[in-house]
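# Commentary on secondary and tertiary structure
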Protein chains: 2
Amino acid sequence: MSSRALPYRPHNHAACVSQALAEAKAICQQQNARLTPTRERVLELIWQSHKPLGAYDVLAKLTSEGHNAAPPTVYRALDFLQQYGLVHRIASLNAFTGCTHAGEHHTGMFLICRACGNVLELMESSVTTAIENAASAEAFQPEAITLEVAGLCPGCQTDQHHE
Amino acid sequence: MSSRALPYRPHNHAACVSQALAEAKAICQQQNARLTPTRERVLELIWQSHKPLGAYDVLAKLTSEGHNAAPPTVYRALDFLQQYGLVHRIASLNAFTGCTHAGEHHTGMFLICRACGNVLELMESSVTTAIENAASAEAFQPEAITLEVAGLCPGCQTDQHHE
DNA sequence: CTGCAAATGTTATAATGTTGCAAATCTTGC
DNA sequence: GCAAGATTTGCAACATTATAACATTTGCAG
């Protein structure tokens, strides 16, 4: 088995998605939040791609499957999912990606491949700590950290295998 | 004198702006880049605020002073200024701020006060190193780092002095 | 089953950013 | 100087991303 992290190594993505959905249901139930059909479908669509999806990409998929959706439909679902830590917004891409650490309290660090578009979410306490220390040194009280690293993923550094 | 960093402590902002402009001129001259009047004016407008300005804010100021400008005018100037490291784009705000380390090769870390809107740019090699190490551990080759921390600046943590 | 709160539908619009092409300006080699 | 090519700007249209406002429906508690 490869030592490379998901999503770079091959895996059963359908299982990976259904597990994420199951976890999402559990989290919502636990917090008395309603994971309605639309919200669940949006979450599933986002998870089906390791590449971040734009809100209008999600909208297009919804309408293509007969859902009578408008932009607010999607943005509201995304707001909900973000609120419960089920998806993250990637500010540098104006796009959304499934949270791979849902439920855990964390600050995500995103490795975004500019070639294949895949995104890997990391949780690195050493990074978070360094950032918090730097903020402290300026007497700044951090609340939210946006950390997005663009570059080349292992699979795209040498070949043309841009999925 | 306060130990707090600019822009939190009071200072002669006009001087601070004109120094930034002088440095910008030097940097452009050194690299055979043309800091045309429009580009220089955009840079000055951005520097006159410690708060990031949106592209359309810049556009509004230009048109209000008689400049016959359209969105591309501003975006092209901003592209140029970013290319030479004279301004940074803050992805989480869709806005631009003057680079306080122009000329130095660096990765900026931005402390963004959600109350007063001021932004402080830091250069912390310990943070950069931690991020690069985390990326390395995933065999990811970083090219650009977006690091934006939202929270409360020293002046806004206790009082209502939201400038 | 009624009344409130939450969620959704619907229309319109705001905010942000880009493309394409023509005109003007600057620079460079001669 | 000056013609030729490259860079910059003007301009119009358009594309993308996100929100506002308000009516309607749905789910849930009393």
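Owing to the predicted nature of the structure, the values given are computational and were not obtained by experimental measurement.

## Quick look at the protein's contact with DNA strand C
Neighbouring DNA strand C are 19 residues, the closest being Thr36(A), Ala70(A), Pro72(A), Pro71(B) and Pro72(B). The element that contributes the greatest number of residues to the surface near DNA strand C is helix 4 (residues 71-83) of chain A, accounting for four residues.

## Digging into the interface of chain B and chain A
Taken together, the contact between chain B and chain A spans 33 residues of the former and 33 residues of the latter. Every element with two or more residues in the side of chain B that touches chain A is listed here: strand 3 (109-113), strand 4 (119-122), helix 5 (125-137) and strand 5 (141-152) of chain B. For the side of chain B that touches chain A, the element with the highest residue contribution is strand 5 of chain B, accounting for twelve residues. For the side of chain B that touches chain A, a count of residues per class yields 22 nonpolar, six polar and five charged. Pairing analysis gives eleven bridges linking strand 5 (residues 141-152) of chain A to strand 5 of chain B, with the strands arranged antiparallel. Note that in strand 5 of chain B the partner of Ile145(A) across the bridge is Val149(B).

## Side note on the protein's contact with DNA strand D
Taken together, 18 residues are adjacent to DNA strand D, and Pro71(A), Asn94(A), Thr36(B), Asn68(B) and Pro72(B) come closest. Of all elements in the fold, only helix 3 (55-64) and helix 4 of chain A together with helix 2 (37-47) and helix 4 (71-83) of chain B reach the threshold of two or more residues within the surface near DNA strand D. Among the elements that line the surface near DNA strand D, the one with the most residues is helix 4 of chain B, at four residues. Looking at side-chain class alone, the surface near DNA strand D contains nine nonpolar, six polar and three charged residues.

Cut-off values and rules
- In this numbering scheme, every chain counts its residues from 1 along its sequence in written order.
- As a convention, the first chain written is A and the first ligand written is 1, with the rest following in written order.
- Side-chain atom pairs in this predicted model are given and counted only at pLDDT of 80 or more, local residue features only at pLDDT of at least 70, and totals for whole chains, interfaces and linings cover all residues.
- In this analysis a residue is considered near a molecule or strand if the C-beta atom, reconstructed from its backbone, is found within 6 Å of that molecule or strand.
- Put simply, DSSP marks the helices as runs of H or I at least four residues long and the strands as runs of E at least two long, and each gets a number from the N terminus on.
- Distance between backbone-placed C-beta atoms decides contact: two residues are in contact if it is within 7 Å.
- Nonpolar residues are Ala, Val, Leu, Ile, Met, Phe, Trp, Tyr, Cys and Pro. Charged residues are Asp, Glu, Lys and Arg, and all others, Gly as well, are polar.
- At least two bridges found by DSSP between two strands is the condition for calling them paired.

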